[in-house]
Amino acid sequence: MDRNMIADLESLPEEDKARMSTLIEQLQIRDSLRMYNSLVERCFTDCVDTFQRKSLTKQEETCVRRCAEKFLKHSMRVGMRFAELNQGAATTD
């Protein structure tokens with residue numbers, strides 16, 4: 001957020017600040033659930049080949065673990081890069 005936006009939020013009445021805080025928390029939860037669902041769908045689609053057993057084979061389990069690790073590392077890197085760009089944009093204002 002840029003400084004003007006933060007200053008605008010600070011000038012809000014307490015009731016509005018609480019509503020904004022609740023809204024931001026809800027958006028963060030929604031985004032977390034989206035990321036989790038995307039991870040599950042992608043890794044399941046890429047790794048699970050057969051439904052002959054009710055548990056994963058060793059190969060499927062390894063694939064799912066690697067897929068999840070890659071997905072989370074990628075998401076963390078994108079988040080870090082976004083924060084870097086956001087910070088750089090804030091300092092040039």
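Coordinates for the structure precede this section.
Residues numbered from 1 in each chain as written. Predicted model: local features only at pLDDT ≥ 70, side-chain atom pairs only at ≥ 80, totals over all residues. Heavy atoms only, no water.

Let's talk about the state of the cysteines
- Following the criterion strictly, the structure yields two disulfides and no others.
- Two residues, C43 and C67, share a disulfide whose sulfurs are 2.1 Å apart. Here the disulfide of C43 and C67 is left-handed, its torsion about the S-S bond being about -90 degrees. On the criterion of sequence distance, the pair formed by C43 in helix α2 (residues 14-47) and C67 in helix α3 (residues 58-92) is long-range, its members being 24 residues apart. A single burial state applies to C43 and to C67, both of which are buried.
- Here C47 is linked by a disulfide to C63, with a sulfur-sulfur distance of 2.0 Å. For the disulfide bridge between C47 and C63, the dihedral angle about the S-S bond is near -65 degrees, and by the sign convention the bridge is left-handed. Residue C47 is located in helix α2, and its partner C63 is located in helix α3; the two are separated by 16 residues in the primary sequence.
- A residue is classified by how much of its surface remains accessible, and C47, at 4% relative accessible area, is buried. (Disulfide = S-S within 2.5 Å. Helix = DSSP H or I, 4+ residues; strand = E, 2+ residues; numbered from the N terminus. Buried < 20%, exposed > 50% of the residue type's maximum accessible area, 1.4 Å probe, protein only.)

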